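Coordinate inspection notes
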Amino acid sequence: MRINLLKRNRLSWLCLLLTFISFSTFAQNSTVSGVVQSAGDELPLPGVNVIEQGTSNGVTTNMNGEYSIEVAPDAVLVFSFVGFENREIEVNNQTTINVMMVDNLEALEDVVVIGYGTQKKSDLTGSVSIVDVDEAKKVITPDVGKLLQGQAAGVTVQSSGEPGGFVNIKIRGITSFNNNNPLFVIDGVIVDSPFDFPPGEIESIQVLKDASAAAIYGQRGANGVVIITTQQGKDGVNRISYKSQIGFQTVPKKIPLTNRLQYQKITSAAERNAGLEVVPGNDPTSDLYIDDVDTDWQEAAYDTGIVENHNLSFTGGAKSLSYNLNLDYFKNTGYFETPQDYERYSTTLDLNGEKGRFRYGAKLAYTSSDKNNFSEYLPGETAVVDLLGAIPTMPVYDENRLGGFGGADNLTQRAITLNVIGYQNLITNLSSRNRFLGNINAEYDILDGLTYKFNASADRLDFKNKFFNPPSDLGWYYITTNDEAALDASNGSTIRTIINNLLSYDKEFGKHNIGALIGVIQERSDFEVTTGRGVGFLPDEIGKIQFADAISGTEYENTVTSLSYLSRLNYGFDDRYLLTFNFRRDRTSLFAPQNNTGDYFSISGAWKVHNENFIELPEWWNTLKIRGGYGQLGNNTIGVYDYAAVVNPFASYAFGNSLAPGTIAIDIKDPDVKWEDTETVNVAVETGMFNNKLQFTTEYFKKRSSDLLADVPLPYSTGAFPASITTNAATIENQGLEFSLSYSNAEHEFQYNISANLGTLENKVIKIGEDDLPISGAASRTEVGRSIGELYVFETEGIFQNQAEIDAHATQPGAAPGDVKFVDVNEDGQITDDDRTFQGVTIPKYSYGLNFSSSYKNFDFSFFWQGNAGNKVFNATYQGLMVGQYTNHHIDLLDYWSPENTNTNVPRPVIGDPNGNARASDRFIEDGSYIKLQNIQLGYTMPLPKDLFVQRARVYVTGQNVLTISDYRGYDPDFISDGLFSRGFARGSYPNPRTIALGIEVDF
């Protein structure tokens, strides 16, 4: 009995002890909760594993990224999710731990979209640049092309401040004398221009820069390929996102021009130097002297423009069908005091799903845009040129003139000067575009690794243009009479259909990995346009063509078809050695049957040195890859039917007293014209260090383009007009080095990322036709052995001070004391066109970009620098302001030479300019190098209650084109100049505005 009692007492003590231990342990545990988000977009991450280190105690985050777990106060929580770096965080008695998950570069390997497929970044053998879309989209623009500026080595972009204006893009230099813009592929659909697609819905951008990457696109890939993927629906996640920004735009600088008194002084001196009487409007002794008008045309014309962009997206769905609906509105009211603006509505719907072996998707996109264009009175004279040349003695408004705007008078001012504000307001110059893009795609896994892919797309663009010049009076030279008043209207459409049938095979066999692709691509483009012209309108008459006194019209249409066969083979061994082969055959109706087929191929390989057993890298050096490739590409940028000659069958000729019927050639064509060909060679080294936080790539490339289509002069005896023939006549070469560097650190509360790129470029002309005859441009010359469009002008050596200097100098007709002295380069004793010399390349030798982004707690900050260097520009705008005639002048001209002011390099003003002081010379050549602070942004993500229907809200302020460091005397060294042969010629490009904008991003 005592034994049983003792046993019971011991058992009770044991139970009590275990209960105490258990209670003590439970009492020490605490509940930790928080929200897990993606550091990239700060959106909640569902399905993240949260585990107490060293135990099986764990939970996963819910749809809102929330979690709650009971752990010991000294526990370590491990957060893990596919595609993101693991995070280990010590609890340290904390009850709330919010976590930002960072993309795991090693795990994700950045699956990259390439031609007709995808590939891990680490397995790429070609030259592909991946654009940081989050950084690029901080630039406010309606054009996807602008996003590329400064974001990838070897990619140069020229832009303009015109609302809705296009940009010029070049990848690794000039490869054609025609079109040099790259091919764009949006969600697998080939488009000629991404202009109608909103940048806000873009998810990724890849740039294929060499033939080994772009050869799969054959005839379309010679200028490079930009592959864009838009946002897609995500399985199980239903979200609504709203983004809005509104900005105010101004011209960053003004050009110093003369006021009324200064203008009258210079112009009067020019008249006296020419032996003319001073015009009454500038003569203080005349009754017609103008002293009550002093117009600052830049002050009158430049206003504050407004840019706004609103975007609403809905995304979600299930595995069987996910969706993404995007609504976008963009409007840009320009900084010019005129009706020029741009407005666009865009709607995009993406559908994707899968069922067993079957995957399917569709894209529907519709864009409607209206653009009120600037008008040119004379070709090449933009509104900026007209504005700067407008004289200060002309008023902006004058109710006594037809139209209500001021003008100059022949008697009092004698200046051929346009009231640009009046002209742009009186003229109706409208363009509207409606674009529809439809795409359906389907994939079926026939066998393990064998997949059939089908894609059909239709891209339709309907456009309307209207130009109406009503009766008006803008001065003695710019009077439009009732009989001259005219309206031009055009309506047309372009429809492109593409059908892709592809068969792919991807399989691993032990250490071997094989990927194969074959396909057939069918394409058809139909273009049609109807134009109408009406002449003769009364003042205030409705600007419709039916009210014109005389009406005429034309109609035109054409069709272009192509058929392509493509193939690709990828082979990898043991994740060490990689090979890629591409082949494509293109057939097009743009060339005659005997020349309509082109074959293009590429081969490239890569060696992952870091995976070799016999090579041991330092512990801090994670990856080392060497790659290289060679390939050929084509270019078919030729006009429709440009291989077929045009004749006039009704060209009769008089023989004696009779009229004999005959035929005469109007436009002579080369029936053997064929594809342009481009060959590329490139070698690169890629490295990753310090857990791949530091990424560095260096690459050398050489690109040779031959059989370039060029206009070769013909004898006038041929009767052709124009007197030239388009034929395969030229060869050019581009080579350079590219460097890309990035470093990211997300281990601390202050997280940051730095990325930089630098590209060098050397361009050389190898051949021009059979005789290598140079091609002249505006102040430039294209010659074998030199770069395209090098500046080719006269060289100056000061100012003639007296007649003795003129007599001792080479013969220079029209020279007088005070005129520019030009160098007799060939020393033949006279100044002629043969004395022009090359004065510098116009293609930038260097292009670069620098991105910095950071975050600390709820704040984020970023900036972006971009620039070019090593190129010269010809400042034709400055040239026009220094000519010293009747239009307005640059203030520098006030220091003109006179017998009382001889210590100057500014020549005397003289009407008629008999010495040609304003001819193209080194006086107007400037350094085109610049560095721009393209964007700077400060944002704040507001803390929100957990149960609020708003998941995330961020506000920010951003500045664009904030600062420019440059010696250029014009508005903006970043100007549109794509005359190819007339490169670097600055003639009134619209300056990029400085923009200050406020924005908000909300996720529901």
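The shown structure was predicted, so the numbers you read here are calculated from the model rather than taken from an experiment. In every chain, residue numbers begin from 1 and rise along the written sequence. At least 70 in pLDDT is required for a residue's local features to be given in this predicted model, at least 80 for side-chain atom pairs to be given and counted, and no such filter applies to totals for whole chains, interfaces and linings, which use all residues. Processing note: side-chain calculations cover all non-hydrogen atoms of the structure and skip hydrogens and water entirely.

Brief notes about the overall build of the chain
- In terms of helices and strands, the chain carries ten helices and 54 strands.
- Projected onto its principal axes, the C-alpha coordinates of the chain cover approximately 145 × 65 × 65 Å.
- Accessibility here uses a 1.4 Å probe with only protein chains present; expressed as a share of the type maximum, an area under 20% marks a residue as buried, one over 50% as exposed, and anything in between as partly exposed. A buried classification covers 51% of the 1004 residues belonging to the chain.
- The contact criterion used is simple: two residues touch if any of their non-hydrogen atoms lie within 4.5 Å. The long-range fraction of contacts in the chain, counting pairs at least 24 apart against all pairs at least 6 apart in sequence, stands at 69%.
- Method for areas: the Shrake-Rupley scheme with a 1.4 Å probe, in which residue coverage is limited to the protein chains shown. Only carbon and sulfur atoms are counted for the fraction: they give 56% of the accessible area of the chain, which is about 44,800 Å². Each helix is a run of H or I in the DSSP string that is no shorter than four residues. Each strand is a run of E no shorter than two, and both are numbered from the N terminus.

Observations concerning the sheet that holds strand E42 (residues 780-782)
- Strands are labelled as partners when DSSP assigns at least two bridges between them. With respect to topology, four strands assemble into an open sheet ordered E41-E42-E43-E46, the strand pairing being antiparallel. Among the strands making up the open sheet, the edge pair consists of strand E41 (775-777) and strand E46 (837-840). Direction aside, neighbouring strands of the sheet carry axes that sit 40 degrees apart on average.
- With three bridges joining them, strand E43 (residues 790-793) and E46 adopt antiparallel strand pairing. If you follow tyrosine 792 over to E46, its bridge partner there is phenylalanine 838. A fitted line through C-alpha atoms represents every axis, and for helices the fit uses only the stretch in contact; the resulting angles, taken between N-to-C directions, go from 0 to 180 degrees.

Looking at the pairing of strand E39 (residues 750-760)
- As paired elements, strand E38 (residues 724-745) and E39 share eight bridges and run antiparallel to each other. By the bridge assignment, serine 742 is partnered in E39 with serine 755.
- In this structure, the hairpin formed by E38 and E39 is closed by a connection of four residues.

As for the packing of aromatic side chains
- The aromatic pairing rule takes the rings of Phe, Tyr and Trp, using the six-membered ring of Trp, and pairs them if the centres are within 6.5 Å, calling planes under 30 degrees apart stacked, those over 60 edge-to-face and the rest tilted. Counted under the stated rule, the structure contains 39 aromatic pairs.
- Look at tyrosine 329 and tyrosine 345: their rings are 4.9 Å apart centre to centre, the planes differ by 50 degrees, and that puts the pair in the tilted class. Taken as a pair, tyrosine 329 in strand E19 (residues 322-333) and tyrosine 345 in strand E20 (residues 341-355) lie far apart in primary sequence, 16 residues in all.
- Each member of the aromatic cluster is reached from another via a ring pair, and the members are Tyr302, Tyr335, Phe336, Phe374, Tyr971 and Tyr990.
- When the NZ atom of lysine or the CZ atom of arginine is within 6 Å of a ring's centre and also within 35 degrees of its normal, the charge is said to sit over that ring. Residue placement shows arginine 781 over the ring face of tyrosine 792; its charged tip is 4.7 Å from the ring centre.
- Across the ring face of phenylalanine 794, the terminal group of arginine 919 is positioned such that the distance to the ring centre comes to 4.8 Å.

Some remarks on the side chain of aspartate 196
- Mapped onto the elements of the fold, aspartate 196 is located in the loop between strand E14 (189-191) and strand E15 (202-208).
- By relative accessible area, aspartate 196 is classed as buried at 1%.
- In this structure the side chain of aspartate 196 is engaged in a polar contact, spanning 2.5 Å, whose partner is the side chain of arginine 433.
- Once residues lying within four places of it in the same chain are set aside, the contact partners of aspartate 196 are Arg344, Ser346, Thr367, Ser369, Arg433 and Arg435. Identification of polar contacts relies on pairs of N or O atoms within 3.5 Å, with a donor-acceptor requirement for protein atoms, meaning one able to donate a hydrogen and the other able to accept it, and with residues adjacent in sequence counted only if both atoms are side-chain atoms.

Things to note about the sheet that holds strand E13 (residues 183-186)
- With mixed pairing, the five strands of this open sheet are ordered in space as E10-E15-E16-E13-E14. This sheet does not close on itself; its edge strands, each paired only once, are strand E10 (128-131) and E14. Here the strands of the sheet are splayed against their neighbours by 25 degrees on average, with no regard to which way each runs.
- Here E15 runs beside strand E16 (residues 225-230); their pairing, made up of six bridges, is antiparallel.

Here we look at the pattern of salt bridges
- The rule for a salt bridge is simple: a side-chain nitrogen of Lys or Arg has to be within 4 Å of a carboxyl oxygen of Asp or Glu. One pass over the structure, following the stated rule, counts 45 salt bridges.
- We note a salt bridge from lysine 371 to glutamate 162, for which the minimum N-O separation is 2.7 Å. Of this pair, lysine 371 sits in strand E21 (residues 358-372) while glutamate 162 sits in the loop between strand E11 (155-158) and strand E12 (168-171); the two residues are 209 residues apart in sequence, bridging distant segments of the chain.
- Overall, the relative accessible area of 13% leaves lysine 371 in the buried class.

Brief notes about the side chain of glutamate 201
- Here glutamate 201 shows up in the loop between E14 and E15.
- Neither His nor the chain termini are counted; the positive set is Lys and Arg, and the negative set is Asp and Glu. Of the side chains bearing the opposite charge, lysine 363 lies closest to the buried glutamate 201, which forms no salt bridge; the N-O distance is 4.2 Å.
- A polar contact is formed between the side chain of glutamate 201 and the side chain of threonine 348, at a distance of 3.3 Å.
- Setting aside residues up to four positions removed in sequence, glutamate 201 forms contacts with Thr230, Gln231, Asn326, Thr348 and Lys363.

Let's talk about helix H5 (residues 260-273)
- Each helix should span, by expectation, one fewer than its residue count multiplied by 1.5 Å. Relative to the 20 Å expected for 14 residues at 1.5 Å per residue, H5 spans 20 Å between its end C-alpha atoms, a close match to the ideal helical length.
- Taken together, the buried positions of H5 are occupied by Arg260, Tyr263, Gln264, Ile266, Thr267, Ser268, Ala269, Ala270 and Glu271.
- By the N-cap criterion, in which a side-chain oxygen at the helix start approaches the backbone nitrogen of a residue two or three places on, H5 is capped by asparagine 259, the distance to leucine 261 being 3.3 Å.
- Looking one or two residues beyond H5, the residue adopting positive phi is glycine 275, at roughly 75 degrees.

Here's the deal with a nonpolar patch on the surface
- On the surface, Ile246, Phe248, Ile306, Phe859, Leu938, Val957, Ile996 and Leu998 cluster together into a nonpolar patch covering about 690 Å² of accessible area.
- Those elements that provide at least two residues to the nonpolar patch are strand E17 (239-250) and strand E54 (994-1003).
- According to the relative accessible area criterion, isoleucine 306 is partly exposed, its value standing at 34%. Candidate patch residues must exceed 30% relative accessible area and have no salt bridge, after which like charges are joined if within 9 Å and Val, Leu, Ile, Met, Phe, Trp or Tyr side chains if within 5 Å.

Structural notes on the pairing of strand E2 (residues 49-52)
- What you see with E2 is a clean split: Val50 and Glu52 sit on the buried side and Asn49 and Ile51 on the side with no burial.
- Taken together, the three bridges between E2 and strand E3 (residues 58-60) define a ladder with antiparallel strand orientation. Across the sheet, the residue bridging to isoleucine 51 is glycine 58, located in E3.
- For E2 and strand E5 (residues 76-80), the ladder comprises four bridges, and the chain directions are antiparallel. Bridge pairing in E5 places glutamate 52 opposite leucine 77.

Let's talk about the environment of aspartate 974
- Considering the arrangement of structural elements, one finds aspartate 974 in the loop between strand E52 (952-965) and strand E53 (985-986).
- Exposure remark for aspartate 974: the relative accessible area of 3% places this residue in the buried category.
- Here the alpha-carbon distance between aspartate 974 and tyrosine 990, two residues 16 residues apart in the chain, equals 9.8 Å.
- Residues contacting aspartate 974, with those up to four places away along its chain left out, are Lys146, Gln149, Val157, Gln158, Ser159, Tyr930, Lys932, Gln934 and Asn992.
- Within the structure, the side chain of aspartate 974 is placed 3.1 Å from the side chain of glutamine 149, a separation counted as a polar contact.

Here's the deal with the confidence of the model for the chain
- pLDDT measures how confident the predictor is about each residue, on a scale from 0 to 100. Looking at the chain, the pLDDT average stands at 88 and 92% of residues meet or exceed 70.
- Per-residue pLDDT stays below 50 along residues 1-27; that stretch engages in zero contacts with residues further than four places along the chain or on separate chains.

Structural notes on the environment of alanine 301
- By secondary structure assignment, the location of alanine 301 is in helix H6 (residues 297-301).
- Along the backbone, alanine 301 and glutamine 951 are 650 residues apart, and their C-alpha atoms lie at a distance of 45 Å.
- What alanine 301 contacts, discounting residues up to four positions off in sequence, is Tyr335, Phe336, Glu337, Leu387 and Ile421.

Brief notes about unusual backbone geometry
- The phi torsion at aspartate 772 lies on the positive side, around 55 degrees, for a residue other than glycine.
- Its location among the elements puts aspartate 772 in the loop between strand E40 (762-768) and E41.
- With a relative accessible area of 34%, aspartate 772 lands in the partly exposed category.

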